[in-house]
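# Structural overview
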Amino acid sequence: EPEVTQTPSHQVTQMGQEVILRCVPISNHLYFYWYRQILGQKVEFLVSFYNNEISEKSEIFDDQFSVERPDGSNFTLKIRSTKLEDSAMYFCATTHRSSYEQYFGPGTRLTVT
Amino acid sequence: DQQVKQNSPSLSVQEGRISILNCDYTNSMFDYFLWYKKYPAEGPTFLISISSIKDKNEDGRFTVFLNKSAKHLSLHIVPSQPGDSAVYFCAARNAGGTSYGKLTFGQGTILTVHP
């Protein structure tokens, strides 16, 4: 069964550093999403991406965040200058079209020290 | 912003019995509701969904019920198995305006099924 993959599984970085989280969506999926879950809190929507542009973003997704699909397969989330409060699990999700169920990757645990 | 709420943080059930997980929502623009199951250190796994125009959807041991007037949905697992022990998230999709399928999640309920 096709699945969403994410790398790395765990990333430790120092405050102020840039990180790039990578996702490989299911091959025929067209809609891509990033969510995050801070320890002990809800899964929160960050951004949706369709047709090579951002469709919707949350208040969390400020100028420090960006997404792109650099090579037509990977879908990346970049945090330009990480803060302590960016420490969380980051999940990529994809769907064939916006009305269908979203399928999540295993997540990247980001730890900012 | 508590648009989707799961008021029970945990539920403990005996193997073979029914597990009922509850979820309430406040946003009338939600058009699709989903249940996800999550094990530690893994991503949420899709379980079952229901459109807002239906009141019941069944898939094997899993049934989701939707009561639109009460803005309430529930997930029934019958019979419960120890392998069902996980965190269960209710999520809702917003159909309105510029939304492109963004999901709003509840806080999750930890289900423990005892052998």
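Up top you'll find the structure we're talking about.
Residues numbered from 1 in each chain as written. Chains lettered and ligands numbered in written order. Predicted model: local features only at pLDDT ≥ 70, side-chain atom pairs only at ≥ 80, totals over all residues. Heavy atoms only, no water.

## With respect to the environment of Leu39 of chain A
- Topologically, Leu39 of chain A is positioned in the loop between β4 (31-37) and β5 (43-50).
- In sequence terms Leu39 of chain A and Ser87 of chain A are 48 residues apart; their C-alpha atoms lie 8.5 Å from each other. (Helix = DSSP H or I, 4+ residues; strand = E, 2+ residues; numbered from the N terminus.)

## Remarks on the pairing of strand β9 (residues 86-94) of chain B
Residue and element names in this part refer to chain B.
- By the criterion of burial, β9 is predominantly enclosed, with eight of the nine residues buried.
- Of the strand pairs in this sheet, strand β4 (residues 30-38) and β9 are connected by eight bridges, and their pairing is antiparallel. Among the inter-strand pairings, Tyr32 is bridged to a residue of β9, identified as Arg93.
- Looking at chain direction, β9 and strand β11 (residues 109-114) are connected through three bridges and run antiparallel. Bridging across to β11, Tyr88 finds its partner in Thr109.
- Two elements, β9 and strand β10 (residues 103-105), share three bridges in a ladder whose sense is antiparallel. The residue of β10 that forms the bridge with Ala91 is Phe105. (Buried < 20%, exposed > 50% of the residue type's maximum accessible area, 1.4 Å probe, protein only. Pairing = 2+ DSSP bridges.)

## With respect to the sheet that holds strand β8 (residues 75-79) of chain A
All names here are of chain A.
- Spatially, the four strands line up as an open sheet ordered β1-β3-β8-β7, and their pairing is antiparallel. Strands with a single pairing partner mark the edges of an open sheet, and in this sheet they are β1 (5-7) and β7 (65-68). The average angle at which neighbouring strand axes cross in this sheet is 20 degrees, direction not considered.
- Sheet topology places β7 next to β8; four bridges connect them, and they run antiparallel. Residue pairing in the sheet places Val67 in a bridge with Leu77 of β8. (Axes fitted to C-alpha atoms, helices over the stretch in contact; angles between N-to-C directions.)

## A few points about the nonpolar core
- With 23 residues, the main nonpolar core has Phe33, Trp35, Leu73, Leu75 and Tyr88 of chain B as its most contacted residues.
- Going through the elements one at a time, β3 (19-25), β4, β5 (45-51), β7 (62-67), β8 (72-77), β9 and β11 of chain B are the ones with two or more residues in this core.
- Ranked by residue count, the leading element in this core is β9 of chain B, at four residues.
- If you look at the next biggest cluster of nonpolar residues, it comprises 22 residues, including Cys23, Phe32, Phe65 and Ala88 of chain A. (Core = buried A, V, L, I, M, F, W, Y, C linked by side-chain atoms within 4.5 Å.)

## Side note on the sheet that holds strand β6 (residues 56-59) of chain B
All names here are of chain B.
- Pairing is antiparallel across the open sheet formed by five strands, whose spatial order is β1-β3-β8-β7-β6. Only two strands of the sheet have a single neighbouring strand rather than two, namely β1 (4-5) and β6.
- Alignment of β1 against β3, held across two bridges, turns out to be antiparallel. Bridge assignment links Val4 to a residue of β3, and that residue is Tyr25.

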